[in-house]
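# Coordinate inspection notes
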Amino acid sequence: MLRTVIRTRFAYCTNEVFTFQKKLYVSIAAPTFSKSRSHNDPRQSTELLTLSVCNQNKTDHIRNPKLPIECLPWMPTPYTDVNSPINQYKKLSKFRLTALVVITTMGGYAMAPAAFDLTTFVMCTFGTGLVSAAANAINQYHEVPFDSQMSRTKNRVLVTGQITPLKAVGFALASGATGLGMLYFGVNGLTTLLGAGNLLLYTSVYTPLKRISIFNTWVGSIVGAIPPLMGWAGCAGNLDTGAMILAGILYAWQFPHFNALSWNLRPDYSRAGYRMMAVINPDLCRRTALRYALAICGLSLLAPVVNVTNYWFALETLPLNAYFCYLAFKFYHRSDSRSSRKLFRFSLIHLPALMLLFLANKKHWYFSETLDDEKTVKSDSALISILPASPVSSLQQVLPVAVTVASR
């Protein structure tokens, strides 16, 4: 009789523990899909982990009634790899991405058909870099809950708490204001307008669109094509056909570069809720990479036609672009990690090489041009144009040379 009572009590306790554990699992898993609070809310994560510790203690108390029930609050694990403040702000500004933006801006400045001015060049370069740093800082500020779910971004300075959100916003405001000020007072209004528009486009359109539509890739490509236009406008003061060719190449390059990068990050993007082509429409992702790689070839062949470069440029870029298209075709055909990784790595070589060939084959250099009809002499106060000789008039008897003064 006593043995039967013990067995019955043991079965009841085991069933009670199992039932409690089942309820505990439901109570922890169910709130992640609650409509009242986002599953990325850190307060909810704290409450769930606190509930887990408390319920585990209750389970132990059922097994051993003598154990006290104690609910301990969850505390985050401290980030041990502490960098210097300079390195932290370099990571906040995405220094390598900002460096690539600055390089394309310098290329646009050097390709413009106008005189090279060191002061304007420096102001345009540093101003664009500061605006890019501000845009990247704002982007990271908005994406902290989503970056924490991706393996590639979970160690960013805002996610790990190395930099507080207030400091990140302050850095972005200071960088943006300083950069736009340098562009406005040191370069010209057109460059400032392009920089401000690109800052708003990246932070206010591209960043939220990443979680709404795959159209974000096209918007992001526009963002990447504007820096060379800023360099061109900073040097020449206007935008012409050559600027559009250069920006078109930068726009087309974004697709094989980013599509190859995102292909191996599909689990991360899917986990964080980003609507990327590689996740939503993989076939379109592969086709787009190949299509725009071919477009780069066409734009490179068009550059000599519109007098941006000489015809050697089309010949010299042909092997470079052909191999780029070959890798894009391999990515389209195989669609595996190896082909995507090869395409992405070569894209990092392809763009600087293409920019160097642009500079090496620039058709018109300011210091090498000779004007047959008009010779210009630059002074501190004016540009004095000495016109060719014409029939002698009564005024020319007094002034033997016709002189016109044009404002700078």
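Data block above holds the structure.
Structure report, in brief. (Residues numbered from 1 in each chain as written. Predicted model: local features only at pLDDT ≥ 70, side-chain atom pairs only at ≥ 80, totals over all residues. Heavy atoms only, no water.)

### Things to note about the packing of helix α10 (residues 241–263) against helix α13 (residues 282–302)
Where α10 meets α13, the closest approach of the two axes is 8 Å, and the angle between their N-to-C directions is 150°. One element, α10, and the other, α13, form an angle in the roughly antiparallel class. The crossing of α10 and α13 is left-handed. Contact with α10, carried on its side by Ile245, Gly248, Ile249, Tyr251, Ala252, Trp253, Phe255, Pro256, Asn259 and Trp263, involves Pro282, Cys285, Arg286, Thr288, Ala289, Tyr292, Ala293, Ala295, Ile296, Leu299, Ser300 and Leu302 of α13 and no other residues of that element. A breakdown of the residues in the contact of α10 with α13 according to their chemical character gives 17 nonpolar, 4 polar and 1 charged. (Axes fitted to C-alpha atoms, helices over the stretch in contact; angles between N-to-C directions. Helix = DSSP H or I, 4+ residues; strand = E, 2+ residues; numbered from the N terminus. Parallel < 35°, antiparallel > 145°, perpendicular 65-115°, else oblique. Left-handed = near helix turned anticlockwise from the far one by under 90°. Contact = heavy atoms within 4.5 Å. Nonpolar A, V, L, I, M, F, W, Y, C, P; charged D, E, K, R; others polar.)

### Comments concerning unusual backbone geometry
The phi dihedral of Lys94 falls on the positive side, at around 50°, and the residue is not glycine. Unlike most non-glycine residues, Asn307 shows phi in positive territory, near 65°. Among the structural elements, Asn307 can be located in the loop between α13 and α14 (311–334).

### Description of the packing of aromatic side chains
Tallied over the entire structure, the rule returns 18 aromatic pairs. On the basis of an interplanar angle of 70° and a centroid distance of 5.2 Å, the ring pair of Tyr109 and Phe121 is categorised as edge-to-face. Taken together, the residues span a long stretch of sequence, with Tyr109 in helix α4 (residues 95–111) and Phe121 in helix α5 (residues 118–142) at a distance of 12 residues. The exposure class of Tyr109 is buried, given its relative accessible area of 2%. Looking at Phe121, the relative accessible area reads 17%, which means it is buried. Pairing Tyr323 with Phe346 gives two aromatic rings, centres 4.9 Å apart and planes at 85°, and the pair type is edge-to-face. With Tyr323 in helix α14 and Phe346 in helix α15 (residues 337–360), this pair connects stretches of sequence that are 23 residues apart. These aromatic residues form a ring-pair network of at least three members: Phe215, Trp218, Tyr251, Phe255 and Tyr292. The cationic tip of Lys210 hangs over the ring face of Tyr274; the distance from NZ or CZ to the ring centre is 4.8 Å. (Phe/Tyr/Trp six-rings, centres within 6.5 Å; stacked < 30°, edge-to-face > 60°. Buried < 20%, exposed > 50% of the residue type's maximum accessible area, 1.4 Å probe, protein only. Lys NZ or Arg CZ within 6 Å of the ring centre and 35° of its normal.)

### As for the pattern of salt bridges
Side chains that carry opposite charge are capable of pairing whenever their charged atoms lie near each other. With the rule as written, the count across this model stands at 4 salt bridges. In this structure, Arg156 engages Asp147 in a salt bridge whose closest nitrogen and oxygen atoms are separated by 3.1 Å. Of the two residues, Arg156 and Asp147, neither departs from the other in class, the shared state being buried. Across the pair Arg271 and Asp268 runs a salt bridge, and its minimum N-O distance is 2.7 Å. Residue Arg271 and its partner Asp268 are both found in helix α11 (residues 266–272); the two are separated by 3 residues, about one turn of the helix. For Asp268, a relative accessible area of 7% gives the class buried. (Salt bridge = Lys/Arg side-chain N within 4 Å of Asp/Glu carboxyl O.)

### Quick notes on the nonpolar core
Formed by 62 residues in total, the largest nonpolar core has its most connected members in Ile249, Ile296, Phe324, Leu343 and Phe358. Top contributing element to this core by residue count: α10, with 11 residues. (Core = buried A, V, L, I, M, F, W, Y, C linked by side-chain atoms within 4.5 Å.)

### Description of the side chain of Thr317
Tracing the chain through its elements places Thr317 in helix α14. Given a relative accessible area of 1%, Thr317 falls into the buried group. With residues near it in sequence (within four places) discarded, Thr317 still touches Ser300, Leu354 and Leu357.

### Notes on the environment of Ala247
You can see Ala247 is positioned in helix α10. Among the residues examined, Ala247 registers a relative accessible area of 8% and is labelled buried. Measuring from C-alpha to C-alpha, the distance between Ala247 and Trp232 comes to 9.9 Å, with 15 residues separating the pair along the chain. Apart from residues no more than four positions distant in its own chain, Ala247 is found in contact with Ala225, Pro228 and Leu229.

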